[in-house]
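Here are the chains, one letter per residue:
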Amino acid sequence: MKTRISESFAEQGMMTTLNAQLDGIEKGRVEISAPIVPEFAQQQGHAHAALSFALGDTAAGYAALTCAPPDHEVVTAEIKINMLAPGRGDRLKAIGRVLKPGRRLIVVAADVYAISDGTETHVAALQGTIVPVPV
Ligand SMILES: CC(C)(COP(=O)(O)OP(=O)(O)OC[C@H]1O[C@@H](n2cnc3c(N)ncnc32)[C@H](O)[C@@H]1OP(=O)(O)O)[C@@H](O)C(=O)NCCC(=O)NCCSC(=O)c1cc(O)c2ccccc2c1O
């Protein structure tokens, strides 16, 4: 399972562009993080919502993949995000988790935290639906 997730993550050009890294893989739970850099900031210098979304969606997607059958990929069908606080700091950390590993739909959630001088602030909460598709 860990090899499958790591190899898939390495293939995601989006994650490479964001300098994101995989920090943890367990069944139903995946953690990733990326630096907050000016290229991915909004007009006040905080993390852009799109960065929080990309990391949250990806963490949730891989959490779903840990529960998908071996001969299936997963795609995001829908996901919503609540932006809870400005993403100030050095890094964003996203923790994705599976709420319900159904046969047809995998319901997921993700929480995104901004890390500043070792202090974590909960900045975004996502919930969505991931669909397993045969490879
Ligand atoms: C979600 C859907 C697969 C649901 O399709 P549905 O069965 O409801 O609808 P249709 O039968 O009308 O199909 C429409 C269309 O979907 C494609 N499709 C359907 N079934 C399959 C399948 N088994 N395999 C492959 N593709 C399928 C196909 O193009 C169909 O059109 P046709 O003309 O060929 O019939 C479907 O709605 C869908 O595919 N939606 C788009 C999903 C999508 O593109 N999501 C965003 C990209 S995925 C993504 O961003 C992503 C992000 C991550 O962070 C990830 C992290 C970890 C793993 C994966 C990640 C990831 O994929």
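Remember, it's a predicted structure, so these values are computed and weren't measured experimentally.

A.B. asks: Can you walk me through the confidence of the model for the protein in this structure?
C.D. replies: Low pLDDT means the predicted coordinates in that region are not meant to be read closely. Here the protein averages 97 in pLDDT, and 100% of its residues register 70 or above. As scored by the predictor, the complex reaches a pTM of 0.93 and an ipTM of 0.87.

A.B. asks: Mind showing me how you'd approach unusual backbone geometry here?
C.D. replies: Generally, phi is negative for residues other than glycine and the peptide bonds are trans, each holding for most cases. Residue asparagine 19 is not a glycine yet carries a positive backbone phi of 55°. Structurally, asparagine 19 can be placed in the loop between helix H2 (13-17) and strand E1 (21-26). Not every positive phi belongs to a glycine, and aspartate 117 is a case in point at roughly 50°. Mapping aspartate 117 onto the fold places it in the loop between strand E5 (106-116) and strand E6 (119-134).

A.B. asks: Where do I start with the site of the ligand in this structure?
C.D. replies: Taken together, the neighbourhood of the ligand is formed by Gln12, Asp57, Thr58, Gly61, Tyr62, Val74, Val75, Thr76, Val131, Val133 and Pro134. Aspartate 57 places a polar side-chain atom, nitrogen or oxygen, 3.3 Å from an oxygen atom of the ligand. For the ligand, a nitrogen atom lies 2.9 Å from a polar atom in the backbone of threonine 76. Bound to the protein, the ligand loses 37% of the 1100 Å² it would expose on its own. Per-element accounting of the shell around the ligand gives the leading share, four residues, to helix H3 (residues 49-65).

A.B. asks: Any chance you could explain the nonpolar core here in plain terms?
C.D. replies: Of all hydrophobic cores here, the largest spans 35 residues; its most connected members are Met15, Ile32, Leu55, Leu92, Val108 and Val112. Broken down by secondary-structure element, the contributors of at least two residues to this core are helix H1 (2-11), strand E2 (29-35), H3, strand E3 (72-83), strand E4 (91-101), E5 and E6. For this core, the leading source of residues is H3, giving nine residues. Sequence-distant contacts of methionine 15, that is, excluding residues within four places in its chain, are made with Phe9, Ala20, Ile32, Ala54, Leu55 and Thr58.

A.B. asks: Before we go on, may I ask you to explain the UniProt feature "domain: Thioesterase" (unreviewed entry) in the protein in this structure?
C.D. replies: Under the feature "domain: Thioesterase" (unreviewed entry), the UniProt entry names residues 44-119. Within the segment residues 44-119, helix and strand shares are 22% and 46% respectively, and the terminal C-alpha atoms sit 20 Å apart.

A.B. asks: Help me understand H1 in this model?
C.D. replies: Listed as buried for H1 are Ile5, Ser8 and Phe9. Along H1, the residues classed as buried sweep out an arc of 100° about the axis, all on the same side. Exposed side chains of H1 directed beyond 90 degrees from the buried face belong to Thr3, Glu7, Ala10 and Glu11. Looking at the buried side of H1, the elements it contacts are H2, E1, E2 and H3.

Cut-offs applied
Residues numbered from 1 in each chain as written. Predicted model: local features only at pLDDT ≥ 70, side-chain atom pairs only at ≥ 80, totals over all residues. Heavy atoms only, no water. pLDDT = per-residue confidence, 0-100. Helix = DSSP H or I, 4+ residues; strand = E, 2+ residues; numbered from the N terminus. Near = heavy atom within 4 Å. Polar contact = N/O pair within 3.5 Å; in protein donor to acceptor, adjacent residues only side chain to side chain. Areas by Shrake-Rupley, 256 points an atom, 1.4 Å probe, with all protein chains shown as cover. Core = buried A, V, L, I, M, F, W, Y, C linked by side-chain atoms within 4.5 Å. Buried < 20%, exposed > 50% of the residue type's maximum accessible area, 1.4 Å probe, protein only. Contact = heavy atoms within 4.5 Å. UniProt positions renumbered as here; feature names shortened; annotations may be inferred. Arc of directions from axis to C-beta.

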